[in-house]
Amino acid sequence: MATPHISAEKDAFADTVLMPGDPLRARYIAEHFLQDAQQITAVRNMYGYTGFYENQRVSVMAHGMGIPSCSIYATELITEYGVKNLIRVGSCGAVRDDVKVRDVLIALGASTDSRVNRLRFNGSDFAAIADFGIVQTLVQAASANEIPVRVGAFYTSDLFYHPDGELTERLRRYGVLGVEMETAGLYGVAAEYGAKAATVCTVSDHMVSGESLDSDERQTSFNQMIRIALDAAVR
Ligand code: HPA
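First, a word on scope: everything that follows refers to the structure included in this document. (Residues numbered from 1 in each chain as written. Predicted model: local features only at pLDDT ≥ 70, side-chain atom pairs only at ≥ 80, totals over all residues. Heavy atoms only, no water.)

Regarding helix α7 (residues 215-233)
Because an α-helix packs 3.6 residues into every turn, residues spaced three or four apart end up facing the same way. Just so we agree on the cut-off: A run of H or I in DSSP counts as a helix once it spans at least four residues, and a run of E counts as a strand once it spans at least two, with each numbered from the N terminus. In this scheme, a helix's expected span is set at 1.5 Å multiplied by one less than its residue total. Burial classes follow relative accessibility: with a 1.4 Å probe on protein chains only, a residue under 20% of its type's maximum area counts as buried, one over 50% as exposed, and anything between as partly exposed. Definition of a polar contact: a pair of N or O atoms within 3.5 Å, with one able to donate and the other able to accept a hydrogen when the atoms are protein atoms, and with sequence-neighbouring residues admitted only if both atoms are side-chain atoms.
The first and last C-alpha atoms of α7 sit 26 Å apart over 19 residues, in line with the 27 Å expected at 1.5 Å per residue. Of the residues making up α7, those classed as buried are Ser221, Phe222, Met225, Ile226, Ile228, Ala229, Leu230, Asp231, Ala232 and Ala233. Capping the start of α7, Asp214 holds a side-chain oxygen 3.1 Å from the backbone nitrogen of Asp216, two or three residues further along.

Quick look at the site of the ligand
For clarity, the cut-off: Put simply, a residue is near a molecule or strand once any heavy atom of it comes within 4 Å of that molecule or strand. Note that accessible areas follow from Shrake-Rupley with a 1.4 Å probe, and for residues the cover is restricted to the protein chains shown. Gly falls in the polar group here, along with every residue not listed as nonpolar (Ala, Val, Leu, Ile, Met, Phe, Trp, Tyr, Cys, Pro) or charged (Asp, Glu, Lys, Arg).
Lining the immediate environment of the ligand, one finds Ser91, Cys92, Gly93, Phe160, Val179, Glu180, Met181, Ser204, Asp205 and Met207. Here a nitrogen atom of the ligand sits 2.7 Å away from a polar atom, N or O, in the side chain of Asp205. Surface burial for the ligand is 89%, taken as the share of its 260 Å² of free accessible area covered by protein chains. Among the elements that take part in the shell around the ligand, strand β5 (residues 85-94) stands out by supplying three residues, more than any other. Residue classes in the shell around the ligand are distributed as five nonpolar, three polar and two charged.

Description of a nonpolar patch on the surface
The criterion, for reference: Surface patches are defined over residues having more than 30% relative accessible area and no salt bridge, joining like charges when they lie within 9 Å and nonpolar side chains (Val, Leu, Ile, Met, Phe, Trp, Tyr) when within 5 Å. What makes a salt bridge here is a side-chain nitrogen of Lys or Arg within 4 Å of a carboxyl oxygen of Asp or Glu, nothing more.
Taken together, the side chains of Leu108, Val139 and Val151 make up a nonpolar region of the molecular surface, amounting to roughly 200 Å² of accessible area. Here Val139 lies in helix α4 (residues 132-144). You can call Val139 partly exposed: its relative accessible area is 31%.

Below, the structure is given as structure tokens:
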């Protein structure tokens, strides 16, 4: 069995899939956090693995960059492989003074400049919200690991290099914690196909102060976020 973008066997994925954007992050999670991890797909080098975490079966598969790429993988995982829970583990930018690089954020809901949810929701505005149960479990897992997390609003943009000079200020005023390129689409896909989804991100750069993490620092905060996501996946 295969889909246009995933070559895994039927039943190759666990019910819960962690999804980083970067395929090499997927490999890193499989090699450093899972036991007995097997690579189950590599179409376009978008690696997927299934292994065990605390004796429970968990998968990890990359989703690439942006809503279109993320939506393709999320849709095929849910509709063709029966995946129930998708946890995006990504990085994001921050705009507010009270959000710092290294912070771990959970996306309760995501506004967007993308039209995808209007396309699927017949022109109406769709409230792109996380699954409350996964969010609650992520918060509990963070607390058990004594890792501070913040839960709140995200903004998902189709443009990494955005021409709207007032965007950052507007997002600050509206209380947006994290800016990235997938979550509003992921939450729309999950709603459309009856799965559960949530995004957890580490802040890799501050869009106002210009501060950004070097690669070692990225790795350390990434590891903390993965611990939270995997603990949540098996709770
Ligand atoms: N926008 C701005 N900063 C970021 C993003 C983004 O999409 N992702 C990671 N840092």
